[in-house]
Protein chains: 2
Amino acid sequence: MAYEPRIDAMVERFKVLGDKTRLRILVLLQGRELRVCDLTEVLSISQPGVSQQMRRLHKAGFVNERRGGQWIYYTLNMENSLLALLIPTLPKSEEDEKKIMMSKGCPT
Amino acid sequence: MAYEPRIDAMVERFKVLGDKTRLRILVLLQGRELRVCDLTEVLSISQPGVSQQMRRLHKAGFVNERRGGQWIYYTLNMENSLLALLIPTLPKSEEDEKKIMMSKGCPT
DNA sequence: TAATTATATAAGCATATTATTATATGTTAA
DNA sequence: TTAACATATAATAATATGCTTATATAATTA
């Protein structure tokens, strides 16, 4: 493939990773699937805020989404080789883990 | 180490990688050392522009610098594990390679 | 069907980012 | 010491980013 689109894609991927909110989301997604409504609580940002971040993560190929009833479930896309490479290097937050466990979130 | 400073450092590293100019610099630094004046020509940005990017790359631990006379020589810091992991995944630009070879740059 | 809940999109604002120009610092050599 | 060249820092302007609120779309359930 030509150079320009490839380097631009790399830049975009790193831009997506270069944001605290999005990194926190990726870390939280390890080992579980989450919905937008689960994340609003943990991250303390608005629903549209989370929704926009998920769209960005999805567009970059870092997360898969599937609709399940009225929810959309997001999971890590471990087939993404960059993500597979980097995920093990990301620090986990006990704080965020606690919050996600405690949260009654959106009802099941 | 505590979580916050670690995740913040990761975010900063990815931010540094999430810029086309800086990625081009890292790719060009593979296998050679370069000075600011070498890069201004290839990148077509001003000397202070390059200087600022190099400072950012250095602060993030991606490049080493050493003074040699009136110049400062930059090299990749392959001891940086994130960089070591990612460098092989970056596409090279024949265009940029040509330019760096051709360039009379700053005299030796 | 109408009401409720989840998510997406649009517009707007505050802040961050990347370049520029102007100027200062540091090194070499006449 | 002075002139010439390389690099660094400061101030600034244009653009990008990440959130917000308001509103639209989609699925569920009374």
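The following refers to the structure shown. None of these values were measured; they are calculated from a predicted model.

What counts and how
Residues numbered from 1 in each chain as written. Chains lettered and ligands numbered in written order. Predicted model: local features only at pLDDT ≥ 70, side-chain atom pairs only at ≥ 80, totals over all residues. Heavy atoms only, no water. Least-squares fit on C-alpha atoms with pLDDT ≥ 70 in both. Contact = heavy atoms within 4.5 Å. Near = heavy atom within 4 Å. Polar contact = N/O pair within 3.5 Å; in protein donor to acceptor, adjacent residues only side chain to side chain. Helix = DSSP H or I, 4+ residues; strand = E, 2+ residues; numbered from the N terminus. Nonpolar A, V, L, I, M, F, W, Y, C, P; charged D, E, K, R; others polar. Buried area = accessible area lost by both parts, 1.4 Å probe. Salt bridge = Lys/Arg side-chain N within 4 Å of Asp/Glu carboxyl O.

Least-squares fitting of chain B to chain A yields an RMSD of 0.0 Å, with the transformation described by 0.0 Å of translation along the axis and a rotation of 180°. Seen this way, the second copy is the image of the first under a two-fold rotation axis. Looking at the interface residues of chain B, 100% of them are also at the interface in chain A, so both copies use one shared face.

Near DNA strand D there are 28 residues, and of these A:Thr21, A:Ser46, A:Gln53, B:Cys37 and B:Ser51 occur at the shortest range. A distance of 2.8 Å separates a phosphate oxygen of DNA strand D from a polar atom in the side chain of A:Arg56. One of the side-chain nitrogen or oxygen atoms of B:Gln47 is found 2.8 Å away from a base nitrogen of DNA strand D. Listing elements by their share of the surface near DNA strand D, those giving two or more residues are helix H2 (20-28) and helix H4 (47-59) of chain A together with helix H3 (36-43), helix H4 (47-59) and strand E2 (71-76) of chain B. Among the residues making up the surface near DNA strand D, the classes are represented as 10 nonpolar, 11 polar and 7 charged.

Turning our eyes to something else, we now look at the interface of chain B and chain A. Contact with chain B, which involves 24 residues of that partner, is made by 24 residues of chain A. Roughly 2100 Å² is buried in total at the junction of chain B and chain A, and carbon and sulfur atoms are behind 75% of that figure. In terms of surface lost to chain A, no three residues of chain B exceed B:Tyr3, B:Phe14 and B:Pro91, which account for 29% of the buried area on that side. Linking chain B with chain A are 4 salt bridges. Between A:Lys20 and B:Asp8 there is a salt bridge whose closest N-O contact spans 2.8 Å.

Take the protein's contact with DNA strand C next. Near DNA strand C you find 28 residues, and of these A:Ser51, B:Arg22, B:Ser46, B:Gln53 and B:Arg56 are the closest. Of what DNA strand C places within 4 Å of the protein, 66% of the atoms are sugar or phosphate. With respect to DNA strand C, the side chain of B:Ser46 contributes an N or O atom lying 2.6 Å from a phosphate oxygen. Sorting the residues of the surface near DNA strand C by element identifies helix H3 (36-43), H4 and strand E2 (71-76) of chain A together with helix H2 (20-28) and H4 of chain B as the ones contributing at least two each. Its residues assigned to classes, the surface near DNA strand C comprises 10 nonpolar, 11 polar and 7 charged.

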